[in-house]
Amino acid sequence: MQRIYQNALIITIFTLISQQLSAQVDSNGVSVNPALQGIYESKTPKSYTIAGITVTGTKSYDQNLIISISGLAKGDVVQIPGTDVFSKAISKLWKQNLVADVQIYLTKLEENNQLFVEIALTERPRLARFEFVGVKKGEKDDLKTKSQLAQDRVVTEDMKLSAVENIRKFYADKGYRNVTIDVKEEPAANGTNSIALTFYINKGNKVKVNSINFTDNASIEDSKLKKQMKGTKEMTRLTLFPERVVSPYADTAHSLTFREYLKEAAYLRPSRTKDYIDPYFRFKLFSNAKFNEKKYLEDKDKVVSYYNSRGFRDAVIVADTTFYDRKGNINVDIKVSEGHKYYFGNIVWKGNTKYSDSVLNLFLGIAKGDPYNVETLNRRLGKEMSAEGGDIGSLYQDDGYLFFRVDPVETAVYNDTIDYEIRITEGPQATYGKITVSGNDKTKDYVILREMRTIPGEKFSRQDIIRTQRELGQLGFLNPEKTNPNVVPNSDNGTVDINWQVEEKSADQLELSAGFGGGIGLTGTLGVTFNNFSLKNIGKSSSWDPLPTGDGQKLSARVQSNGKAYRSYSFSFTEPWLGGKKRNSFSVSYFNTKYSNSYDAYGSYCRSCGDTSYVKTVGFGVSLGKQLKWPDDYFNLIYSLNVQQYQLKNYAVSGFNGITNGNSTNISAKITLLRNSAGPNPIFPTSGSNFMLSGQFTLPYSLLGITEPADNQYKFPEFHKWRFNGEWYVPIGRATGADKNKQFILKAAAKYGFIGKYNSKLQVSPFERFQLGDAGLSNTQALLGYDIIAHRGYPIYSSSDPKVNPDGISPTEYFTIFNKYTMELRYPFSTNASSTIYGLAFFEAANGWYSFKDYNPFKLRRSAGLGMRFFLPMFGLLGFDYGVGFDRYNSTSGLKGAAKFTFMLGQEPE
């Protein structure tokens, strides 16, 4: 077989090709066929038909695929000399980055100018494996993803360069800016056309920001500008030199800061770059001072934005530079041009008919002479939508003006003053059109629609949408972060359609534990809570998954046992919309608990002792709630009736003054007034408040002559009890961008409780009092009726003296009055529906008293500390707190004796 070799260059330069053909031999050493040689010696181009195409040298790719990529096809007519079809085919194959070499051979010429072609390839090697040397295991795992390498991919120079660049970026984000990377390539051991890549990485030292220096910032000091650079921070520093010195370089002595003095000296002595004296000792303790190029560029924009917010709308960063000091850390120098400071001038309204100029000026909150700030202007006009409201846009949209538009126009700029004309297009008032729900697979549409404030036919209100988002978040089985109103205005008919897009989340909870103890027997707990239960479908087997769901009802059941020593059953059911037409809630609950003394007089376990010494509690409750319209519809009024019966047999109970036998029946009515505007996430509220005022009453049995006074303290307790809780949630600062959910929240709370008596001849009832201290978990047996008030940093205490705080002492009686104040600064780490996690720092002050004679609201036990909260849908709320009781501190035990670790489970304690 005769072959003529050609490549992309030779095939276009015909004279050179003909010379090479005369010297070309095939693999058998036979000379070139003269007929083929004549193809390129001809002075007149001739047409040839490609009769066949073969591909050699490929093992990984289908031959038909290679031919298709080349663009050649059997039956194509080519002219030789004069065609570039073969050079184009070579270029197309090169562009795929699949081959290391490609050549085209003309192998045979038959009658009627039938030409046969061979495409000879040399494939690129594939990546058999890759590894990273010189870094930690965790970083290796991260680099496997960050490098974007994958086994069995074709290895190209671009791929290796891209991997190196990705590795550099990975470490640059961590503060390592001097990373060196060597790539070693070696054939794989499997004998195939594949290679192994090894990246030898030397991270070097982490580069920190040593100092940030501003120049020409005459109006705003360095510290305020540095505060705007959230992603570029200096290392913590201590001053080593005096704050101010007298410059020796000026003709007239003048006082400078030490840094200004160094700058002036450096200006007169330009060799300062290496000999620069830093007037501070800098260290890295608790300092995130790594340098990130991307964040640095964002921070420069923030500096300019801060200048703009202070009235310097012409402010720019003229120049900036970064240079390394002798320790390898970075110094940042930024030169600014502040420009003039501007102020608001006259503000004129145009196009407003609904509200007068004076009302709009009141909502705008900008007066003539205020520093110019276009961001504030746009926010007050409502061009930047916010949930807080209080702006011009909210004023109009809360009254139906969905099509409202506002355009601020500068009408004059003179000296340092800017006049504005604010042009308003009010448009018609819109009404709600079609309201639909999507995304709910289990929850029935009507359960969601009944919570809506956006009712078809009613006037549109932005506040209705915000309120609906909150109400849906309060249900507990919809993800408040994913509830989105898709608003579709219809300007033709003045209506607005809304499709509420929701996402269901797992809201059911399971509590399960089991064990077996010698002599005690089987112990364990089984508890379930279904937050989206359906009672009416309980008879339909098709709706059980595992229980019927979708009607928004709540069902809880719990069984706990500790052998014969302790057992407890509880059940509750809540229907939030009794009758289905109004927000009238109905709840019913039942519990039955028994705790037996399973130890004899010698402290040994005794199986039969439980029948002769025990305390048993049985209770039943029913409540009816109603939403009020006045003062506003955040208010709810709840009526409840509760019955508890306590049975004691040879059992001494703490707080009951030595009573060991007898029955007690506590029948009380309770009325509760609630106002809850906290939200939108009930687990982590970010705004609003929550207030509760309640009164609980029994009949005055002794005054009515139903019982003798001596019987009333225990047989039929009589009392009146009052509770007040108030909580406020305030966001700190403004959250924007990707971190809009990452914002500090300040929680302030105040609580008060009092229990009194009807008959002055009786003692205050031992039931329904207040236990203070510890984590706020229920008493060990959860048997007796008293309110448990948490106080982090302190054990359970029974004295009103803040200095008396013995550990491990059971109170002989509980308080009749208490006060508690709490401040918490919270920060969310995750607000996902699957896991809500936040940290907190707290300060608490609380105390209890036995009578108004001793009551002193300023005599409180104080504590402070840190805590974490984890909400997992399956298990509820978990919490850990480490608190230091200030009034427990003494020189003997020190801080360790004043600190206390507490754990909470289920719900936030009181």
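Here, residues in each chain are numbered from 1, in the same order as that chain's written sequence. Whole-chain, interface and lining totals are the exception, using all residues; otherwise, since this is a predicted model, local features are given only for residues with pLDDT of at least 70 and side-chain atom pairs are given and counted only at 80 or more. Side-chain figures throughout are based on the complete set of non-hydrogen atoms in the structure, without hydrogens or water.

**Comments concerning the overall build of the protein chain**
Within the protein chain one finds 18 helices and 39 strands. Contact definition: two residues touch when any of their heavy atoms are within 4.5 Å. Restricting the contact set of the protein chain to residue pairs at least 6 apart, pairs at least 24 apart contribute 60%. Note on areas: Shrake-Rupley with a 1.4 Å probe; residue coverage comes only from the protein chains shown. About 46800 Å² of surface is accessible on the protein chain, with carbon and sulfur atoms providing 54% of the total. Each helix is a run of H or I in the DSSP string that is no shorter than four residues. Each strand is a run of E no shorter than two, and both are numbered from the N terminus.

**Overview of the confidence of the model for the protein chain**
pLDDT measures the predictor's confidence residue by residue and takes values from 0 up to 100. Averaged over all residues, the pLDDT of the protein chain equals 82, while 83% of them reach at least 70. Every residue in residues 266-278 is under pLDDT 50, and counting partners more than four places away or in other chains gives 13 contacts.

**Some details on the nonpolar core**
Nonpolar side chains tend toward joint burial in soluble globular proteins. If you look at the biggest cluster of nonpolar residues, it comprises 25 residues, and the most contacted ones within it are Leu72, Ile80, Phe86, Leu93, Val102, Ile119 and Leu121. Listed by contribution, the elements that provide at least two residues to this core are β2 (46-56), α3 (63-70), β3 (77-80), α4 (85-95), β4 (99-110) and β5 (114-123). Residues contacting Leu93, with those up to four places away along its chain left out, are Ile66, Ile69, Ser70, Val99, Val102, Ile119 and Leu121. To define a nonpolar core, start from buried Ala, Val, Leu, Ile, Met, Phe, Trp, Tyr and Cys residues and group those joined through side-chain atoms within 4.5 Å. Accessible area is worked out with a 1.4 Å probe on protein chains only. A residue is then buried under 20% of its type maximum, exposed over 50%, and partly exposed in between. The next biggest cluster of nonpolar side chains, apart from the first, holds 21 residues, and it includes Tyr342, Leu377, Tyr401 and Val406.

**Details of the packing of aromatic side chains**
Ring geometry is summarised as follows: Phe, Tyr and Trp rings, the Trp one being its six-membered ring, pair when their centres sit within 6.5 Å, and such pairs are stacked at plane angles under 30 degrees, edge-to-face over 60 and tilted between the two. The final tally for this structure, using the stated rule, is 34 aromatic pairs. Aromatic pair Phe291 and Tyr296: ring centres 5.3 Å apart, planes at 45 degrees, arrangement tilted. Tyr296 matches Phe291 in its accessibility class, with the two residues each being buried. Between Tyr355 and Tyr396, the aromatic rings sit 5.1 Å apart at their centres with planes inclined by 90 degrees, giving edge-to-face as the arrangement. In this pair, Tyr355 is assigned in the loop between β16 (343-350) and α11 (357-364) and Tyr396 in helix α13 (residues 392-397), connecting sequence segments 41 residues apart. Of the residues examined, Tyr355 reaches a relative accessible area of 17% and is grouped as buried. On the basis of relative accessibility, which here comes to 0%, the residue Tyr396 falls in the buried class.

**Points about α3**
Among the residues making up α3, those that are buried are Ile66, Ile67, Ile69 and Ser70. Down the axis of α3, the buried side of the element spans an arc of 160 degrees, and every buried residue falls inside it. Exposed residues pointing more than 90 degrees away from the buried face of α3 are listed as Asn64 and Ser68. We call two N or O atoms a polar contact when they sit within 3.5 Å, provided that within protein one can donate a hydrogen and the other can accept it, with sequence-adjacent residues counted only if both atoms are side-chain atoms. Sitting at the amino-terminal end of α3 is Asp62, which places a side-chain oxygen 3.0 Å from the backbone nitrogen of Asn64. Looking one or two residues beyond α3, the residue adopting positive phi is Gly71, at roughly 90 degrees. By construction, the arc corresponds to the directions joining the helix axis to the C-beta atoms.

**Looking at the environment of Val85**
Note on placement: Val85 falls in helix α4. Given the relative accessible area of 23%, Val85 is considered partly exposed. Sequence-wise, Val85 and Leu72 are 13 residues apart; in three dimensions their C-alpha atoms are separated by 7.9 Å. The residues touching Val85, leaving out its near neighbours within four places in the chain, are Leu72 and Val78.

**Overview of the side chain of Glu575**
Turning to its location among the elements, Glu575 is positioned in strand β25 (residues 566-575). Lacking a salt bridge, the buried Glu575 has Arg450 as its closest oppositely charged neighbour, with an N-O distance of 4.3 Å. A polar atom in the side chain of Glu575 sits 2.8 Å from the backbone nitrogen of Trp577. Other than its neighbours up to four places away in sequence, Glu575 contacts Arg450, Gln553, Asn584, Ser585 and Phe586. We score Asp and Glu as negative and Lys and Arg as positive, and we do not count His or the chain ends. Every case where a carboxyl oxygen of Asp or Glu lies within 4 Å of a side-chain nitrogen of Lys or Arg is listed as a salt bridge.

**Observations regarding the pattern of salt bridges**
Tallied over the full model, the rule gives 39 salt bridges. The closest approach of N and O atoms between Glu410 and Arg313, which form a salt bridge, is 2.6 Å. One end of the pair, Glu410, is in strand β17 (residues 405-414); the other, Arg313, is in the loop between α10 (293-309) and β14 (316-324), with 97 residues separating them in the sequence. We note a salt bridge from Arg467 to Asp633, for which the minimum N-O separation is 2.7 Å. In this pair, Arg467 is assigned in helix α15 (residues 462-474) and Asp633 in the loop between β27 (614-627) and β28 (635-649), connecting sequence segments 166 residues apart.

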